Amino acid sequence: MPRRQSTAPTQPVVGTIDIGTTSARAILFSQEGIEIAKHQIEYSTSASEAPAESKNKEQFRRRSSLMRHNEPIFTSEGIAISISDDVEIENNRASVGPTLRFPQPGWSECMPVHVLANAVQCLVACLITLRKVNQNPDLKIKYKVKALGIANMRETTIVWSKRTGKPLSNGITWTDTRTAEIVQHLEKMTDDDRKEELKQKTGLPLSTYFSAAKLRWLLDNDDTIREEYEKGDGNLMFGTVDTWLIYHLSKERSFVSDVTNASRTYFMDLETKDYDDDLLDFWGIDPTKICLPKIVSSSEHYGSFAAPNLSNLGFHNKITPEAYEILKTITGVPICGCLGDQSASLVGQLAFRAGSAKCTYGTGCFLLYNTGTRKLISDHGTLTTLGFWFPTLEGDDAQPHYALEGSIAVAGSIIQWLRDNLKLIENAKDIGPLASQVDNSGGVVFIPAFSGMYAPYWDGGARGTIFGMTQYTSSSHIARAALEGVCFQVRAILRAMASDAGGSEDFLEEASSIQGSKRPLSKLAVDGGMSKADEVLQIQADILGPCVDVKRAKISECTALGAAIAAGLSFKNPEDRIWKDLNDVIEKIDGPTDAQNSFKAKLPDNDRRTMWKRWENAVSRAKGWLDDV
């Protein structure tokens, strides 16, 4: 007797593949931003490789947040690898070497095929969970994947063969500094006027950070890549992680890069949103000898999903027939959203409007300030980048949105230092309660410049310094001053960004008299580890003042959510979209203001101004600490 087909209504979900610097994850989101399924894999690294004689006994355990399921995902040499609540892989070839390698000091590489395989494995695990959910007889609806989005670490550079699809070298990650000599040489050979001209086009300084120097290094130092380049027969392909994934996950082998990633290569003109011959010439790149991906928006149909043949790419594990079967359930689903990770976080924080900003408190801090459709080149040490581009929408929402970006070297790592070096706390979560034992820092100012000061001060000679200690000073005062040191730097960057946007550097004091859209900053949306502590966010709100609300993300996976939003908005017909427009996104995901996640300044204005002046005084004294040594 044939199985009766389910007549339950379906609800669309969006799948996101999120490739980070140290892990990969896939998440299926509902219209409300709820995680229907999630799976994450932490990368193995060359630093964690076991000695050869013990590898056969090594067990790899990965924790999954999914329901229990035991379907095999990958096999190698006949050994099945299952996804369950606890996955044990008694197989030294499970990863066929690490995903991340650190072959020399300052070098950081990724294995492109492993990155792709991790993405596929995470996606399969989510689809297994989705199947389990849909089999629940009490569920009144059935979930169906309607679109796929991609978020990824930016600047990481991959070169591969068009004929085989295989990478021709390991990928060079964004943190890699092997290109320092190339950059230093260009710095010396380029006069200030030329540097300013380049900055106006790209929004970027000359740095090892961006993709151009990494590609130049490969062409100069990798014999295989250089030979293919010199042939100039169209076989050599360049891309960042988004390009690599879309190329191998699309039936059409779509060769594209979205503007938020392309703007970090140093090859793209921010105005034209296309490659610039002058920039390519500056780096000595001949576009007739290497294929560059087409630059596209963040939200459009790039291609239709099709499972990649990992074996053909040299991946030793075999994807099982069962895994291929479940991937068939999304064959043909459009891949239609793509954002670099920090831009994805901006979107996931729902910071859509000019004047909104987001801050991610990780090991360091990344701040993005939405400048709307205006491309602003910073005079205060921040970068200019593409925030997002959703062309299917209407009016200004359909235009490319730009952002200013600033970074802080030390944020969460200051808590690790207090824990591991000073032994002030046992666990990172103890920092908030310790700092809250006192109402203020007792006059102590902590400059956490362990490796110099980043934006907006840019002083490599500064060093971590504690000022103002007396016999009254306690561990609580030092802990509070350390947190304040991070929050003061956030304020300094936001002041610089607002000044670039045409406001006053003192806008945080003046904003009470500025109304509506004329305010240079409307809110600071926050996520990341430190944002979980209410005490930290109250300190941040007090330091920013009453004009800016600090709002913690309701959804922790803001980066993955941002790519899902980009995909969900991509359909030309509003009725086909997951969300009709940006207002619909906010209404469905954000909902009413949650007092538990919103923080307003409580500190008296005079106290805040005194603290800020004391901070600026401390910064001036900490600067140049190494200059005369």
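Look above for the structure.
Residues numbered from 1 in each chain as written. Predicted model: local features only at pLDDT ≥ 70, side-chain atom pairs only at ≥ 80, totals over all residues. Heavy atoms only, no water.

A. Focus on helix α16 (residues 558-568). Here α16 lies mainly inside the structure; eleven of its eleven residues are buried. Taken residue by residue, α16 has Cys 558, Thr 559, Ala 560, Leu 561, Gly 562, Ala 563, Ala 564, Ile 565, Ala 566, Ala 567 and Gly 568 as its buried positions. (Buried < 20%, exposed > 50% of the residue type's maximum accessible area, 1.4 Å probe, protein only. Helix = DSSP H or I, 4+ residues; strand = E, 2+ residues; numbered from the N terminus.)

B. View of the pairing of strand β2 (residues 23-29). A large share of β2 lies buried, amounting to seven of its seven residues. Because side chains alternate across β2, one face comprises the buried residues Ser 23, Arg 25, Ile 27 and Phe 29, and the other comprises Ala 24, Ala 26 and Leu 28, equally buried. Sheet analysis places strand β1 (residues 10-19) next to β2, joined by six bridges and oriented antiparallel. Bridging from a neighbouring strand, Val 14 pairs with Phe 29 of β2. Hairpin connection, β2 to strand β3 (residues 35-42): the antiparallel pair is bridged by five residues, and Gly 33 has positive phi, about 80 degrees. (Pairing = 2+ DSSP bridges.)

C. Here's a closer look at the packing of aromatic side chains. Under the criterion given, the structure shown has 16 aromatic pairs. Taking 5.3 Å as the distance between ring centres and 85 degrees as the angle between the ring planes, the aromatic pair formed by Trp 107 and Trp 217 counts as edge-to-face. In this pair, Trp 107 sits in the loop between β8 (100-101) and β9 (109-110) while Trp 217 sits in helix α4 (residues 211-221), placing the two residues 110 residues apart along the sequence. By relative accessible area, Trp 107 is classed as buried at 19%. The exposure class of Trp 217 is buried, given its relative accessible area of 14%. For the pair Tyr 266 and Trp 283, a centre-to-centre distance of 5.5 Å together with 80 degrees between the ring planes defines the contact as edge-to-face. (Phe/Tyr/Trp six-rings, centres within 6.5 Å; stacked < 30°, edge-to-face > 60°.)

D. Layout of the environment of Gly 348. By the secondary structure assignment, Gly 348 is in helix α10 (residues 341-348). With ten residues separating them in the primary sequence, Gly 348 and Lys 358 have C-alpha atoms 9.7 Å apart. Excluding anything up to four places from it in sequence, Gly 348 contacts Cys 558, Leu 561, Gly 562 and Ile 565. (Contact = heavy atoms within 4.5 Å.)

E. Structural context of the sheet that holds strand β23 (residues 383-388). Across the sheet, seven strands lie side by side as β23-β24-β22-β21-β27-β28-β29; this open sheet has mixed pairing. Both outer strands of the open sheet, β23 and β29 (598-599), are each paired with one neighbouring strand and no more.

F. Up close: the packing of helix α1 (residues 112-134) against helix α6 (residues 241-249). At their nearest, the axes of α1 and α6 sit 11 Å apart, and the two run at 60 degrees to each other. With respect to the hand of their crossing, α1 and α6 are arranged in right-handed fashion. Only Trp 244, Leu 245, His 248 and Leu 249 of α6 make contact with α1, whose side of the interface consists of Pro 112, Val 113, Leu 116, Ala 119 and Val 120. Looking at the contact of α1 with α6 residue by residue, the classes come out as eight nonpolar, one polar and no charged. (Axes fitted to C-alpha atoms, helices over the stretch in contact; angles between N-to-C directions. Left-handed = near helix turned anticlockwise from the far one by under 90°. Nonpolar A, V, L, I, M, F, W, Y, C, P; charged D, E, K, R; others polar.)

G. Quick look at α1. When the terminal C-alpha atoms of α1 are compared, their 33 Å separation across 23 residues agrees well with the 33 Å that a helix rising 1.5 Å per residue should span. Across the 23 residues of α1, 21 count as buried, placing the element largely inside the fold. (Expected span 1.5 Å × (residues − 1).)

H. Geometry of the side chain of Asn 370. Considering the arrangement of structural elements, one finds Asn 370 in strand β22 (residues 365-372). In terms of polar contacts, Asn 370 uses its side chain to reach the backbone carbonyl oxygen of Arg 353, at 3.4 Å. Beyond its immediate chain neighbours, meaning those up to four positions away, Asn 370 contacts Ala 351, Phe 352, Arg 353, Ala 354, Gly 355, Ser 356, Phe 388, His 401 and Tyr 402. (Polar contact = N/O pair within 3.5 Å; in protein donor to acceptor, adjacent residues only side chain to side chain.)

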